[in-house]
There are 4 protein chains.
Amino acid sequence: MRFRAMVDDSATPAIRATFVEMNFASDNTAGIAPAILDAIAEANCGYARGYGNDDWTQRVERRLSEIFEHEVAVFLVPTGTAANALALAQVSPPWGAVFCHAESHIATDECGAPEFFGSGLKLVGLPGDGGKIAPQTLQAALAEYGGHSPHQVIASALSLTQASEAGTIYRADEIEALAEIAHDRSLAVHMDGARFANALVRLNATPAQMTWRSGVDVLSLGATKGGALAAEAVVIFDPDRAAFMGERRKRAGHLVSKHRFIAAQFLAYLDDDRWLALARHANAMAGRLSEKLAAVGLKPVWPVEANLIFVVLPCALDAKLKAAGASYYVRTSESLDVGTDNVLVRLVTSFSTVDEDIDRFVDLCKKS
Amino acid sequence: MRFRAMVDDSATPAIRATFVEMNFASDNTAGIAPAILDAIAEANCGYARGYGNDDWTQRVERRLSEIFEHEVAVFLVPTGTAANALALAQVSPPWGAVFCHAESHIATDECGAPEFFGSGLKLVGLPGDGGKIAPQTLQAALAEYGGHSPHQVIASALSLTQASEAGTIYRADEIEALAEIAHDRSLAVHMDGARFANALVRLNATPAQMTWRSGVDVLSLGATKGGALAAEAVVIFDPDRAAFMGERRKRAGHLVSKHRFIAAQFLAYLDDDRWLALARHANAMAGRLSEKLAAVGLKPVWPVEANLIFVVLPCALDAKLKAAGASYYVRTSESLDVGTDNVLVRLVTSFSTVDEDIDRFVDLCKKS
Amino acid sequence: MRFRAMVDDSATPAIRATFVEMNFASDNTAGIAPAILDAIAEANCGYARGYGNDDWTQRVERRLSEIFEHEVAVFLVPTGTAANALALAQVSPPWGAVFCHAESHIATDECGAPEFFGSGLKLVGLPGDGGKIAPQTLQAALAEYGGHSPHQVIASALSLTQASEAGTIYRADEIEALAEIAHDRSLAVHMDGARFANALVRLNATPAQMTWRSGVDVLSLGATKGGALAAEAVVIFDPDRAAFMGERRKRAGHLVSKHRFIAAQFLAYLDDDRWLALARHANAMAGRLSEKLAAVGLKPVWPVEANLIFVVLPCALDAKLKAAGASYYVRTSESLDVGTDNVLVRLVTSFSTVDEDIDRFVDLCKKS
Amino acid sequence: MRFRAMVDDSATPAIRATFVEMNFASDNTAGIAPAILDAIAEANCGYARGYGNDDWTQRVERRLSEIFEHEVAVFLVPTGTAANALALAQVSPPWGAVFCHAESHIATDECGAPEFFGSGLKLVGLPGDGGKIAPQTLQAALAEYGGHSPHQVIASALSLTQASEAGTIYRADEIEALAEIAHDRSLAVHMDGARFANALVRLNATPAQMTWRSGVDVLSLGATKGGALAAEAVVIFDPDRAAFMGERRKRAGHLVSKHRFIAAQFLAYLDDDRWLALARHANAMAGRLSEKLAAVGLKPVWPVEANLIFVVLPCALDAKLKAAGASYYVRTSESLDVGTDNVLVRLVTSFSTVDEDIDRFVDLCKKS
């Protein structure tokens, strides 16, 4: 029922159940968007060649070329960590330094996957307000690299997270400014787009503007957080850069054998602008939640631009919310000292969040 | 319709379509077994914690402990290559040698995944009739290792494929004999069980007999070829050996975020002995096909003990079959010289193979 | 002549030449201490088994056990980078985090060797005045690790540089305090002792006090900077931790075939307390240089406790010194802003520095 | 005395000692050729920039360009394993297959160094009489590669050992034939030249003929076995292929800090055709030994073309020789069955072997 009410009217009875409410733990605690599940079922018809030699996969490739208005090489994988690590290993040598936000997912939540896939490359974490890297920060960091060969690793890539881990968004001109600095030093520009759609619908930019037109060379495009079962894509805008990526993916165990089903998820995600609709819903829910929280005196600490809200809660309220069944994670951030009586919490909305989740949550906050 | 008629009567309309016929290319060209697809849909209800902290995953672990009559540590992953490579990296150091059949999947079809995950470990390919390693072959190979430290890599693991790539099966006593040789030299014993169920139903052995009771330490247990969308498990029989496997899997990008859906596949695969039923059907189809081929003078080159048939076809017949729409792969084997007028072909049956596929294929052979 | 005058009266004619003066670039721009060169020549007598199976190597092992008053496992290698990277890979898994000073050699000057040898482990650079890590800094950094398995790498090791890159020295009680924090969290403690002897003679501590008695588990013990041609040792205080280190070293190409010559260097370095005499000379020269510089208004920025001096020079003086033939490196440090008219320079003394080098250098500074 | 008598009259008293006799264990059980040791001492004069930025290193580079009549990029390292592993990692991707003789040093004696440096590349061992790969063997092996992307590793390089591990030598036209097959399939051609000089003087070919003119792309050029302390060079004939080799070497810990001393060894090795004289002596001793052995009925099993002799000895004689103090290794070879009453032994001569070693050894054989 909730899914129906929300963004899709094709929900099958199975998913019209009652959900555990107030789940703001992550966008991956949500299930599969009904249309995407349907697409899996529809693809389950007859035989198809394995390992990506199927029609669904070809259609995804064509579709992404259209959407990005550019020839692209596409490699589907089941997880975002795989997409990021494969992408970075593809654009940075083992002796390369990849510049990223110090609190980015690749730096803190992938258990060293970029280093593993990249044969020991080095991530250089940069500070930055609201999860974003400022051009001058990148500039200053790069100034410390070069001229000390072969003792120092070589500045090789910049990785931007869009939307950021703090729920903020890089504008196209911000990406462009960062990419220009990077390209001047021959760095490749990678974008971790696990929440790419959430950024896209917020900015009202085209996919092309937010990527290659602004200087992005390789994109990890996520569908899982947006509503797929498990479907991520490495999108490479210069097909020359894609050489041997097929081997790289295979030897990482990330070439799914019944590949049509990962491709079918992506098609359903992209078709009829469904990815945008799903993201718009998630963002709208985050907007509603942040406004209502602000109204009860709990103003988010960073601008709420996608589907993530960071807010400081008194410990007592935190305990009360959890007792009432709310789910979310407590986070720490180097740039924020919340004292000992408070916690910084992250609230994530998704395609499946409904008004009632929000209203009940805020209600509990109000009465505190 | 075909699925229904075959092994499952819960098929939804979507999969009652007409299939491309005579597809013997691989067991991964088949789709998803209906009950497994249903299980995915059923799991799509409300929120669940990500990364394996969900009820489905716990149930898989309990279920596998019951099935194997042993405490086990279980790590679900989306591909068989991942399962094999993670398992081998877990039981062999970078300076280890892993002994396997020269034509095993890990040696020839995983693009170096074991070497990648294992930080450069070495696979030592052993010869063996019908895809199986003989005890004396292993014994002789091991005699070449040891006593030359630190110049030589260290014999660390034995990997057996069950059912083998040639479609043959190790009996429990054969596994035991090999494992004893391996354990005497402190090697770990890994089993690549991408087609474990096919072996199991053929032998009428228990899962325990075919694994830990015979000396297997770590199993790659496949569900994908048997009917899942993408679900494989690393099953470790000595939980002490599982230390930090969670980190290893995560940094390889193989920890699926919406983990309940991979677990749900496995549950459906295992529940009600469905895995056995699906495998029995595949094996039965292979039996039928091999008998009929033999009857028309095309005797399989190796015993047909699972769902794989290898047969030598005259090139003209090969061309005719392909023209008629049959799908299969031509293989080469070091141990078989088929001459220039013939090809060695591999025919794979699956849970979705139906009688008509076989009859039409044999019919075409008959008339040649 | 200079060498003779300095620390050794066994110099052969070949090295009595006139040196380029005022070379403070590094302790590796110096040559070989005469007694060590003589030892190479003496070892060049007849045949000896390769790869460490020789008498010289056994004697080094015994000698180091005596010196450290502890059973030790010793692995000789030709470079300090190899010693560090092998040591860290031995005590940290690929998913481990190694905590070190942000400006330590392993973090900035080894082109990612620890990450390469460690299959992608992660170095976590910590800030700290004068090249040293404060206990509370380590404590705070560790507080960010743990409880987020398997998404986050695991805190695995602490690496301390003794003497530090800034020329300062950890006292035994400082090492003990840091090691206690590390051990409480099950981290191994590594010491990069490229300039171990310089620290030792300064502190007047025993090798045991400065290492295992204070909690150091593994030491990279350098002889090269102290006067050897190329000889470094990984010293492991708990032989159990040394398992398979022989294989690790061999597969890294760091097992020297004519091993007696690397062992002979080490023996000569250690015999008759030569290592201490050579280091005392280097330290004394640094003391003399820093005092004289301070007397002309150029006070070192960090305490001069070993053989490294960091001093801020006006750009004009820097130019003048270089024009006069002085050699040294300009450095930057995140913790020091020297403005645009000055440079921070590093002056390194060694066993071969003589009074005249210092006097002439200071003289040039004086007149500025 | 022996060294003097042999190839060099500049020996210092220290090495005029009596040697353990009949040492045929390896060419690395010999010491340092006197002229090379002298060169180290001569280089020990004053200061020199570290890490290869010294005059000696530049001279080695120029000298090798002259010797090979070709612009070359040169990277000096302390061990042959490092040279081989760095060279192979430079010319093969992680998903590459490197074809080599099954009994080559890289395949059997480097503890997986090529796999480690090559991030998990795969060595494919080929059979071949007398340690050499036949063109048709390579051809047949390559036929098994290709067309199965991305499941199979990609044929990337051919590695030839010159002189081979069996003491035989590839003629220039044999190298050319193999290299042509390799290049036709875009494989790089590597030569493991640990005993390059021994091959060179035997063939009376120029260094150019035996390498780039015959299709060799990268050479591991050894000096250690020929008389150096520890000095090997990776010689890259197409400088474009050398990109980032400096970083690769550094992060492997193989950039020696006091680099002048490794360069000085190489200069002394090459100057005045000393490398050829040293190798000629070793080869002549092998020739003498093999002829005398044949005369007493112990005919070497493979042609003695360099400084290695393989001969089958009755176990009783083996015991007697060892009791008399002779040193050598027993080897096994897949292609040779010597029965249970015999052993296959390898006898290695070197620049330091003298007539008396041989005469006494043969004398012992004679009387058996």
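The sections below set out a description of the structure shown in this document. Computed from a predicted model, the values in this text were never measured in an experiment. (Residues numbered from 1 in each chain as written. Chains lettered and ligands numbered in written order. Predicted model: local features only at pLDDT ≥ 70, side-chain atom pairs only at ≥ 80, totals over all residues. Heavy atoms only, no water.)

**Focus: the overall build of chain A**
The secondary structure content of chain A amounts to 15 helices and 10 strands. By the compact-globule yardstick of 21 Å for 368 residues, chain A fits well, its C-alpha radius of gyration being 21 Å. Taken along the three principal axes of its C-alpha coordinates, chain A extends 60 × 55 × 30 Å. A burial count over chain A gives 65% of its 368 residues as buried. Within chain A, residue pairs in contact and separated by at least 24 positions form 76% of the contacts whose partners lie at least 6 positions apart. Here chain A displays about 12,200 Å² of accessible surface, and carbon together with sulfur accounts for 48% of that area. With 34 positive and 44 negative side-chain charges, chain A shows a spacing of 5 Å between the two charge centroids. (Helix = DSSP H or I, 4+ residues; strand = E, 2+ residues; numbered from the N terminus. Rg over C-alpha atoms; globule rule 2.2 N^0.38 Å. Buried < 20%, exposed > 50% of the residue type's maximum accessible area, 1.4 Å probe, protein only. Contact = heavy atoms within 4.5 Å. Areas by Shrake-Rupley, 256 points an atom, 1.4 Å probe, with all protein chains shown as cover. Lys, Arg positive; Asp, Glu negative; His and termini not counted. Charge placed at Lys NZ, Arg CZ, Asp CG, Glu CD.)

**As for the interface of chain B and chain D**
In this complex, chain B contributes 22 residues to the contact, which on the side of chain D involves 22 residues. Taking both sides of the interface into account, the surface hidden between chain B and chain D amounts to around 1,400 Å²; carbon and sulfur atoms contribute 43%. It is B:Cys111, B:Glu115 and B:Lys122 in chain B that bury the most area against chain D; as a group they hold 33% of the surface buried on that side. Taken together, the links from chain B to chain D amount to two salt bridges. Here chain B and chain D share 12 residue pairs in polar contact (both at pLDDT 80 or more) between them. Broken down by element, the side of chain B that touches chain D gets its largest block of residues, three residues, from helix H5 (residues 105–108) of chain B. For the side of chain B that touches chain D, a count of residues per class yields nine nonpolar, eight polar and five charged. (Buried area = accessible area lost by both parts, 1.4 Å probe. Salt bridge = Lys/Arg side-chain N within 4 Å of Asp/Glu carboxyl O. Polar contact = N/O pair within 3.5 Å; in protein donor to acceptor, adjacent residues only side chain to side chain. Nonpolar A, V, L, I, M, F, W, Y, C, P; charged D, E, K, R; others polar.)

**Regarding the pattern of salt bridges**
Summed over all chains, the structure comprises 55 salt bridges over all chains. One salt bridge connects B:Asp217 with B:Arg241, and the closest N-O pair in it is separated by 4.0 Å. Residue B:Asp217 is found in the loop between helix H10 (207–210) and strand S6 (218–222), and its partner B:Arg241 is found in the loop between strand S7 (232–236) and helix H11 (245–251); the two are separated by 24 residues along the sequence. One salt bridge connects C:Arg288 with C:Asp355, and the closest N-O pair in it is separated by 3.6 Å.

**Side note on the sheet that holds strand S4 (residues 154–161) of chain C**
All names here are of chain C. Taken in spatial order, the seven strands of this open sheet run S1-S7-S6-S5-S4-S2-S3, and their pairing is mixed. The open sheet is flanked by strand S1 (73–77) and strand S3 (122–126), the only strands paired with a single partner. Geometrically, the sheet is characterised by an average inter-axis angle of 20° between neighbouring strands, direction not taken into account. (Pairing = 2+ DSSP bridges. Axes fitted to C-alpha atoms, helices over the stretch in contact; angles between N-to-C directions.)

**Regarding the sheet that holds strand S1 (residues 73–77) of chain D**
Residues and elements named next belong to chain D. Pairing in this open sheet of seven strands is mixed, and the strands run S1-S7-S6-S5-S4-S2-S3 from one edge to the other. Lying at the two open borders of the sheet, with one neighbouring strand each, are S1 and strand S3 (122–126). Neighbour-to-neighbour, the strand axes of the sheet open up by a mean angle of 20°, direction not taken into account. Examined bridge by bridge, strand S6 (residues 218–222) and strand S7 (residues 232–236) share five bridges and lie antiparallel to one another. Counted as the bridge partner of Val-218 is Ile-236 from S7. Along the sheet, helix H12 (residues 260–270) contacts S1, S6 and S7; its crossing angle with S1, the most-contacted strand, is approximately 115°.

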